[in-house]
Amino acid sequence: MGVAAVDANKLSVGHRASKLIGSTVLNNANESIGKIDDILVSSDGKEPYAVISVGTFLGMGGRLIIVRYDSLTLVDKKVVLANGTKEGLTALPEFNYAVQ
């Protein structure tokens, strides 16, 4: 098994999943459109995804959707989904975690 060298300095300024989970997701108009519930990596280990909770009111009644992680940007320590709307996110298929 070969192990590739990693640039630790580059990664040290990256984004920690533990800090992103629970973050509010905003759109370009600075409106809250959801919260990050989890960060998942595809089974081949190549693509990260964000699981977002949408449609909740006081933490109840929401559902989960999933978006590619690279569709999110971090601007001034805020998570932004450009051109995102609550309606657009709730129109996406619901995501359910696999039962293990």
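As shown above, the structure is provided for reference.
None of these values were measured; they are calculated from a predicted model. (Residues numbered from 1 in each chain as written. Predicted model: local features only at pLDDT ≥ 70, side-chain atom pairs only at ≥ 80, totals over all residues. Heavy atoms only, no water.)

S.K.: What should I look at first to understand the overall build of the protein chain in this one?
M.R.: Helices and strands together make up the secondary structure of the protein chain, namely three helices and six strands. Element order for the protein chain, N to C, with α for helix and β for strand: α-α-β-β-β-β-β-β-α. Along the three orthogonal principal directions, the C-alpha set of the protein chain runs to about 45 × 35 × 20 Å. Sorting the 100 residues of the protein chain into buried and exposed places 25% on the buried side. A fraction of 42% describes how many contacts in the protein chain between residues 6 or more apart in sequence connect residues 24 or more apart. About 7,400 Å² of surface is accessible on the protein chain, with carbon and sulfur atoms providing 56% of the total. Here the protein chain carries 10 positive and 10 negative side-chain charges, and the mean point of each set is 6 Å from the other. (Helix = DSSP H or I, 4+ residues; strand = E, 2+ residues; numbered from the N terminus. Buried < 20%, exposed > 50% of the residue type's maximum accessible area, 1.4 Å probe, protein only. Contact = heavy atoms within 4.5 Å. Areas by Shrake-Rupley, 256 points an atom, 1.4 Å probe, with all protein chains shown as cover. Lys, Arg positive; Asp, Glu negative; His and termini not counted. Charge placed at Lys NZ, Arg CZ, Asp CG, Glu CD.)

S.K.: What is the right way to read the pattern of salt bridges from this model?
M.R.: Scanning the model with the defined rule gives two salt bridges in all. Glutamate 47 is the partner of arginine 68 in a salt bridge, and the nearest nitrogen-oxygen pair spans 2.5 Å. Placement of the pair is arginine 68 in strand β4 (residues 63–68) and glutamate 47 in the loop between β2 (32–41) and β3 (48–54), with a sequence separation of 21 residues. According to the relative accessible area criterion, arginine 68 is partly exposed, its value standing at 41%. A relative accessible area of 27% means that glutamate 47 is categorised as partly exposed. A salt bridge links arginine 68 to aspartate 70; the nearest nitrogen and oxygen atoms lie 2.9 Å apart. Each of the salt bridges in this network shares a partner with another, and the network as a whole consists of Glu47, Arg68 and Asp70. (Salt bridge = Lys/Arg side-chain N within 4 Å of Asp/Glu carboxyl O.)

S.K.: Help me understand the pairing of strand β6 (residues 78–81) in this model?
M.R.: Residues in a regular strand point their side chains to alternate faces of the sheet. Direction of pairing for strand β1 (residues 24–26) relative to β6: parallel, over a ladder of two bridges. Residue pairing across strands places valine 25 opposite valine 79, the latter belonging to β6. Where strand β5 (residues 72–75) and β6 come together, four bridges link them in antiparallel fashion. Paired with threonine 73 across the bridge in β6 is valine 80. If you look at the hairpin formed by β5 and β6, you'll find two residues sitting between the two strands, and aspartate 76 has a positive phi there, around 50°. (Pairing = 2+ DSSP bridges.)

S.K.: Any chance you could explain the nonpolar core here in plain terms?
M.R.: Across soluble globular proteins, you tend to see nonpolar side chains buried next to one another. If you look at the biggest cluster of nonpolar residues, it comprises 15 residues, and the most contacted ones within it are Val25, Ile36, Ile52, Val67, Leu72 and Leu89. Excluding its chain neighbours within four sequence positions, the residues that come into contact with valine 25 are Glu31, Ser32, Ile33, Gly34, Lys35, Ile36, Ile52, Leu72, Val79 and Leu81. (Core = buried A, V, L, I, M, F, W, Y, C linked by side-chain atoms within 4.5 Å.)

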